[in-house]
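Now for the letters of each chain:
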Amino acid sequence: MKLAAIYARYSSERQSDKSNEDQIAEAEVFCKQNNFNIVKVYQDKEITGWSDESKRPGLNELLKDLPAHDFEYLILWKLNRLARDSLLQKQLKRRIRDSGVEIISISQQLPKDRRARMLFETFTEFQDEDYSWSLAEDSMRGMMAAVRRGEFAGKDAPFGYKAVYSKKGKRTLVIDERTGPVAREMFERFSKGETAASIARWLNRSGHRSTHNNPFTSDSVYRILKNEFYKGVLVFNNSTLSKRGRMNPYYEVLRVDHSELILVCPELWEAVQKKRTSSRGRRPRRTYFLSKAVVCSHCGRFLTRRASGKKKDRKKQSGASWYCQNCTSNGYSSKTVGEKKLESAVKSFLRSVIEAFLQNAEDFTKKLNLALERKKIEASNTSTLEQSLASLDERIDNILSAIEQGQGIATLTRRLSDLEQQKVKLAQKIKQTKAAAKTIMMFTPDEIRSSLELYEKYLNDPEQQNKLLRSILSKCEMDLQTKTLTICAFGICEKISF
Ligand SMILES: [Zn+2]
């Protein structure tokens, strides 16, 4: 008999999510069939939003039990029960596996081969990521197709616009009569020399709120001032990594003309950009190739860049290096590694990995599609929802017959309209779930190949390389003591010594 623990989590933000009871019931069936003995059940209920991942008593208890665990397996309904956020999910999986517990996801039977498994996980992590662009089950491709058709796939309409649904259910933007002129005035004020901070104060004084319903700050004003949408161009898939899925395979930035939504004429928009980027404006912090990509193996923080070391080194032009600020200030280690060496090692590793996958694109695509296929089948399974619908119908019938028999009519009618409302909601949910499943599409080897080729191209593009690096590395850890780098991408790992 193998010993197992179960972890279940229900998050209400997903329409297709299973209840904890269902997750646990399925896990119990799995355990019975596969000869597992359940030692303990951990669960977290009704946690909305990924930002609350830390407030999870069930998970915390599980982590607390790990060092002295009396189970060998952790059974989950899906890997994303651990966390939606891919980085967090990765960390948790590692922590659990490192303690000697094997993770089993009953709805995602993982490939046996270790490399294939990591590949699969990387892609499911991407799919689980809660990026703000859309309902999570939509695939990026579906969104990009919608954007090309002139629809709006973002979460919130930019300030000055509002999102509306057409009769066919298409989501588009229109100018908001109330805030549209205000957005235009922001550009005018800035071009006349007013600062972003002063514009923010003016907006807040006049009672306006940003798209997220927060007071304006100079940052949010700047975000509006540099958005091309105000001059009629929708730019899509150009967001920073924190906003996009880590494994979003699309690096193509879409630019779609929306001249019907122009709030700011091109001349004024350009004038604002000139002012914004002039020396008086703020200069954004430079992003280096290795920024936020290399982690210190001792403390887990990102390495920091040091321009060129000490003063005398600067004279010698010995070049920049990377070190761990945390370990240095703690007095643990102040060792550094040269930027040139580190960069070229990372680059050549990535090149070789991409090369390997390019030669194997058919195989790679097959595995990825298999995973997507399973996901599609699972996503289109509305049977639990339909069961709930049937039981609602039954309850409604019962109440109807009770009313007919003349029992406590007022309460019963109230209850009845309650149930009717639930029924409408549930029917909607079923429809949405089915529609969401349809947006999951398979990849062709050519698409995979072109993504990989784009990766290669962006590896040499100063604008893109850091973003790319951070999205495809699943591990990049530097042991500064031994000067060894452990680096992984697409399931392939390598140790490099300096
Ligand atoms: Zn450190």
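What counts and how
Residues numbered from 1 in each chain as written. Predicted model: local features only at pLDDT ≥ 70, side-chain atom pairs only at ≥ 80, totals over all residues. Heavy atoms only, no water. pLDDT = per-residue confidence, 0-100. Helix = DSSP H or I, 4+ residues; strand = E, 2+ residues; numbered from the N terminus. Contact = heavy atoms within 4.5 Å. Core = buried A, V, L, I, M, F, W, Y, C linked by side-chain atoms within 4.5 Å. Buried < 20%, exposed > 50% of the residue type's maximum accessible area, 1.4 Å probe, protein only. Pairing = 2+ DSSP bridges. Axes fitted to C-alpha atoms, helices over the stretch in contact; angles between N-to-C directions. Phe/Tyr/Trp six-rings, centres within 6.5 Å; stacked < 30°, edge-to-face > 60°. Disulfide = S-S within 2.5 Å.

Asks: Pulling in residues and values, what's your account of the confidence of the model for the protein chain?
Replies: For the protein chain, per-residue confidence averages 78 on the pLDDT scale, and 79% of positions sit at 70 or higher. The secondary structure element of the protein chain with the lowest average pLDDT is helix 10 (residues 311-316), at 52, and the one with the highest is helix 6 (residues 180-191), at 95. Of the regions scoring below 50 in pLDDT, residues 127-138 engages in 44 contacts with residues more than four places distant in sequence or in other chains. pLDDT under 50 marks residues 240-247. Its contacts with residues more than four places away, or in other chains, come to 30 contacts.

Asks: Before we move on, could you go through the nonpolar core and cite the residues and values that matter?
Replies: Among the nonpolar cores identified, the biggest contains 41 residues, and V294, L350, L485 and F490 are the most heavily contacted of them. Looking at this core, the elements that each hand over two or more residues are helix 12 (339-358), helix 13 (361-379), helix 16 (445-458), helix 17 (465-472), strand 13 (473-479), strand 14 (484-489) and strand 15 (492-497). The leading source of residues in this core is helix 12, at nine residues. With 36 residues, the next largest nonpolar core counts M143, V147, A153 and V182 among its residues.

Asks: I'd like to hear about the sheet that holds strand 1 (residues 2-9), residue by residue, with values.
Replies: Ordered by their spatial adjacency, four strands build an open sheet running 2-1-3-4, and the pairing between neighbours is parallel. Of all the strands in the sheet, the pair left with one neighbour each is strand 2 (36-44) and strand 4 (102-105). Strand-to-strand twist of the sheet, defined as the mean angle between neighbouring strand axes without regard to direction, takes the value 25 degrees. Across four bridges, strand 1 lies against strand 3 (residues 73-76) in parallel orientation. Bridge pairing in strand 3 links I6 to I75. Set on the sheet, helix 2 (residues 57-65) makes contact with strand 1, strand 2 and strand 3; between it and strand 2 the angle comes to about 135 degrees.

Asks: Explain the packing of aromatic side chains residue by residue, including any values.
Replies: Counted by the stated rule, this structure contains eight aromatic pairs. Consider the rings of F36 and Y73, whose centres lie 4.9 Å apart with planes at 80 degrees: the pair is edge-to-face. Placement of F36 in strand 2 and of Y73 in strand 3 is noted, with a sequence separation of 37 residues between them. Here F36 matches Y73 in class, with each residue buried. Where F190 meets Y222, the ring centres are 6.1 Å apart and the plane angle is 75 degrees; that geometry is what we call edge-to-face. Of the two residues, F190 sits in helix 6 while Y222 sits in helix 8 (residues 218-225), which places them 32 residues apart along the sequence.

Asks: I'd like to hear about the environment of I472, residue by residue, with values.
Replies: Mapping I472 onto the fold places it in helix 17. Judged by relative accessible area, which is 1%, I472 ranks as buried. For the pair I472 and F490, spaced 18 residues apart in the sequence, the C-alpha separation amounts to 7.1 Å.

Asks: Give a detailed account of the state of the cysteines, specifying residues and quantitative values.
Replies: Across all of its chains, the model carries one disulfide by this definition. The disulfide bridge from C488 ends at C493, spanning 2.0 Å between sulfur atoms. Negative torsions about the S-S bond denote left-handed disulfides, and the value of about 110 degrees found for C488 with C493 makes this one right-handed. C488 gets classed as buried once you look at its relative accessible area, which sits at 3%.

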